Amino acid sequence: MPKISREQEDAIANEFPQYAFYKRIKNNIKYYCTSCHRWQKNSSDMRTFSTPTIWKHNQLYTCPYCGKQVVAKSAGRGHKTLENKGHFIVYTAYKQRLYAFVIKAYQSFYNEEFEPDYYLSNQYLYVFEKNHMQRFNWTCDSNLRHNIWHPLKTDKGLPQWSYITNTGYEDSIAITPEQIYETDLKYSEMETFSSRAYTQIEYLIKYIKHNNLEYIVKAGFLGIANDIVLGLSNSKIIKWKSNNLLKMLGIRKQDINLVKLCNIQELKVYQYAIKNMPNADNIAEIVKIIYRFGIDYIEEIKNLTNLSMNQIFSYAKTIQRLSQWKDYLYMASKLPGGIGEIKPKNLQAAHDRVLAESNFLAKKHQEEQIQNRFKQLQPLLFETNELIMKAPESGTEIILEGKMLQHCVGGYVQRHADGKTNILFIRKKDEPDVPYFTIEVSNDYQIIQCHGYRNEATCSKPDEIIDFEKRYTDFLEELKNERNQRNAVHIKTA
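Conventions used here
- Residues numbered from 1 in each chain as written.
- Predicted model: local features only at pLDDT ≥ 70, side-chain atom pairs only at ≥ 80, totals over all residues.
- Heavy atoms only, no water.
- Buried < 20%, exposed > 50% of the residue type's maximum accessible area, 1.4 Å probe, protein only.
- Helix = DSSP H or I, 4+ residues; strand = E, 2+ residues; numbered from the N terminus.
- Contact = heavy atoms within 4.5 Å.
- Phe/Tyr/Trp six-rings, centres within 6.5 Å; stacked < 30°, edge-to-face > 60°.
- Pairing = 2+ DSSP bridges.
- Axes fitted to C-alpha atoms, helices over the stretch in contact; angles between N-to-C directions.
- Disulfide = S-S within 2.5 Å.
- Core = buried A, V, L, I, M, F, W, Y, C linked by side-chain atoms within 4.5 Å.
- Parallel < 35°, antiparallel > 145°, perpendicular 65-115°, else oblique.
- Nonpolar A, V, L, I, M, F, W, Y, C, P; charged D, E, K, R; others polar.
- Salt bridge = Lys/Arg side-chain N within 4 Å of Asp/Glu carboxyl O.
- pLDDT = per-residue confidence, 0-100.

Further remarks concern helix 5 (residues 222–229). When helix 5 is considered as a whole, its buried residues turn out to be Ile-224, Ala-225, Asp-227, Ile-228 and Val-229. For helix 5, the secondary structure elements touched by its buried residues are helix 2 (190–193), helix 3 (197–209), helix 4 (213–218), helix 7 (256–259) and helix 8 (264–276).

See the structure below:
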C-alpha cells in the first residue's frame, strides 16, 4: 500500500495559516516567518513592512521575501497556545488504482521555537478502481495492538460531521488530485465535476457504479450530474446501459442546450413532456409550466378531460390559465351535473359560475347538517329556574352569537356541523332570544369551555353561570353513565 509522500505532507502544511512572529528591537523589527522558515529583518525594500508602525498583532501582511500572506503575531503573546486543524483528502496513484487518504491534520507551536509542528491523523481510506471500490477506516486491532486500515462493508461517502473529532468533512481540501490521471480513472472527469474534495469522493463512488457518468459531465450537464451524485435520480430517468448520450438522458438533439440548464427533476418533466408531445416546438415553456405544477397535476387534468397533452396546452397557454382551468374542472366535477363544458369559451365566467354553485351547495350541505344536529342535541339541553339552553338551528345563528358576544364561536361552525364538537347557547328565561353565554361540550360529555361577552375580559363570570356549570356537569355525568350502561347491555346481548 502506498504512503503519503513528503511533498504531499508539505502541501498540507502550506494550506495552514502562516505567521510572522515579530519582535521590536529599538527602532527595528525582527520577525520569524513560518513560510520562509527563518528570521527576517525589517528593511527599506520590504514595501508593506517599511515602517515599524504598521506592525500590528493579528493583522494580515505579505512577506516580501517569500511573497506569502502571513498573520502578524507578537512574539511575546503566548505562541504556544496557537493551534489549527483541518481535514484533507490526499490522492495517490499506485498500480492503476487511486488511493484517497482522508486525513485530519493539526498545526501547533508547542516548542520553544516559532517553527510549527504538524501532526497527521488517519481517518478513512478509499481505494478506487474503474469498476470497484473499497472503503477503510483507521482503527485499533486488539490482536496486533496497533492501528490498521479496517475494511468496511458499505460504500458510503464521508460523513458531513464527525462526532469523534467534532469537525466536519465538507470543507476538506484536496491534495494532489492530479494523481487520478495516472490511474484507470483518468477519464472520470472528477476535477471537471468539482474541485471540492468532499464532493469528489461522492462523485467517484457514483462513477464506479456508472462509468457513463463521465459523458454527462463532459457534455456539460452538471446540474443533472450533481443530482445523480446526491442520489436524487432513479434508474428510470437515466438509461445507464446506453453509450449514446441522447438515449441515455432521453432527450432530443435540438434540446441539448435547454437540458444543460436542468436539474434531475426538470429532466424528468422534460422526458414526460416530449413523450406526450414529441413534436412540440415550445418545449421550454411547456416544461416550465409542468414543473411549476407537477406531473400528477397534469395527469389529473388529463383524467378529468380525456384530452391529449397537445389539446391541453393549446387551450391553457399560460401558468395562470392552466391553474384557473384546473380549479374550474375540479369544482365542476363535484357538482351534481358534472363537468358540462370541458373547454369553456369564457373561462373566467365559467370558473366564477361553478365557484358560486359549489359555495351554495357547500353551505346548503352545512345547513342541512346543522338542522339534523338540532334534533340530535335535544337530549343535551338543560335548564334551571333562571336559565335555559338552546341548540343552534343554522350556521348563521352560531356566527351571530359570536358577533353579539364578541368571541370566536363563529369559527366553530364547520366542526359543529361535522359533529366533532357541540355548540350550545345559554339564555335567560325571560330573554330567550338574546345571546348570554355560549358553551362547548365534547362528544364525551365534558364541558370544554363556557364564555360570555368578550370571554369575560371586562368582568368575572356571574354566579348564576358558575352554579349552572356545576349542575350541568352533574347532568352530563348522568347522561354519560346512561350511555355506558346501554353500551354494556348491547355488548352483553351481542
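Below, the discussion takes up the packing of aromatic side chains. Note on aromatic pairs: each is described by the distance of the centres and the angle between the planes. Considering all chains together, one arrives at 25 aromatic pairs under this definition. Where Tyr-32 meets Trp-39, the ring centres are 5.6 Å apart and the plane angle is 70°; that geometry is what we call edge-to-face. Using a relative accessible area of 10% as the deciding quantity, one classes Tyr-32 as buried. For Trp-39, a relative accessible area of 31% translates into the label partly exposed. Ring centres 5.1 Å apart and planes at 35° place the aromatic pair Phe-382 and Phe-475 in the tilted group. Taken together, the residues span a long stretch of sequence, with Phe-382 in the loop between helix 13 (347–376) and strand 14 (387–390) and Phe-475 in helix 16 (residues 463–493) at a distance of 93 residues. Each member of the pair, Phe-382 as well as Phe-475, carries the same accessibility label: buried. The structure contains a cluster of three or more aromatic residues connected by ring pairs, namely Tyr-19, Phe-21, Tyr-32, Trp-39, Phe-109 and Phe-114.

All right, on to the sheet that holds strand 8 (residues 117–129) then. Across the sheet, which stays open at both edges, the 6 strands sit in the order 10-9-8-7-6-13 with mixed pairing between neighbours. With partners counted over all chains shown, the strands left at the sheet margins are strand 10 (146–152) and strand 13 (173–175), one partner each. Mean inter-strand twist for the sheet, computed between neighbouring axes without regard to direction, equals 30°. Judged from the 6 bridges that link them, strand 8 and strand 9 (residues 132–141) form a sheet pairing that is antiparallel. Paired with Tyr-126 across the bridge in strand 9 is Arg-135. Seen against the sheet, helix 3 touches strand 6 (83–94), strand 7 (97–108), strand 8, strand 9 and strand 13 and runs at an angle of roughly 20° to strand 8.

Pairing is antiparallel in the open sheet, where 4 strands are placed in the order 14-15-16-17. Whereas interior strands pair on both sides, the edge strands pair on one side only; in this sheet they are strand 14 and strand 17 (447–451). Ignoring strand direction, the axes of neighbouring strands in this sheet form an average angle of 25°. Across 4 bridges, the pairing between strand 16 (residues 437–441) and strand 17 is antiparallel. Its bridge partner lying in strand 17, Val-441 is registered against Ile-447.

A few words on the environment of Pro-392. On the secondary structure map, Pro-392 appears in the loop between strand 14 and helix 14 (395–405). Residues Pro-392 and Phe-374, 18 residues apart in the sequence, show an inter-C-alpha distance of 6.3 Å. When neighbours within four sequence positions are excluded, Pro-392 is seen to be in contact with Ile-370, Phe-374, Glu-397, Ile-398, His-416, Ile-423 and Phe-425.

What follows is about the state of the cysteines. Linking two cysteines covalently through their sulfur atoms gives a disulfide. Within the structure shown, the criterion is met by 0 disulfides. We note that Cys-450 lacks a disulfide partner, and the nearest cysteine sulfur, in Cys-459, lies 13 Å from it.

Counting residues in hydrophobic clusters, the biggest one holds 74 residues, and the most contacted among them are Phe-128, Ile-216, Ile-238 and Trp-325. It is helix 3 that provides the largest number of residues to this core, a total of 8 residues. Beyond its immediate stretch of four places on either side in the chain, Ile-238 contacts Ile-216, Ile-224, Ile-228, Met-248, Leu-249, Ile-264 and Leu-267. The next biggest cluster of nonpolar side chains, apart from the first, holds 20 residues, and it includes Met-389, Leu-424, Val-441 and Leu-476.

Let us look at the packing of helix 8 against helix 10 (residues 295–305). At a closest axis distance of 11 Å, the pairing of helix 8 and helix 10 adopts a crossing angle of 25°. Relative to helix 10, the element helix 8 is oriented roughly parallel. Every residue of helix 10 that contacts helix 8 at Lys-268, Val-269, Tyr-272 and Asn-276 is listed here: Ile-295, Ile-298, Glu-299 and Lys-302. The class makeup of the residues in the contact of helix 8 with helix 10 is 4 nonpolar, 1 polar and 3 charged.

The next point concerns the pattern of salt bridges. Inspection of the entire model under this criterion finds 15 salt bridges. The partner of Lys-302 in a salt bridge is Glu-299, with the nearest N and O atoms 3.2 Å apart. Within this pair, Lys-302 and its partner Glu-299 are both found in helix 10, separated by 3 residues, close to a single helical turn. When its relative accessible area of 26% is taken as the criterion, Glu-299 is described as partly exposed. Salt-bridge contacts for Arg-483 lead to Asp-444; the nearest nitrogen and oxygen are separated by 3.3 Å. Here Asp-444 lies in the loop between strand 16 and strand 17 and Arg-483 lies in helix 16, a separation of 39 residues in the sequence. Looking at Asp-444, the relative accessible area reads 34%, which means it is partly exposed.

Attention shifts here to the confidence of the model for the protein. Keep in mind that low pLDDT regions are not for reading the predicted coordinates in detail. With 94% of its residues at a pLDDT of 70 or more, the protein has an overall mean of 89. Ignoring residues within four places in sequence, the model shows residues 44–52, a span with pLDDT below 50, making 23 contacts including any to other chains.

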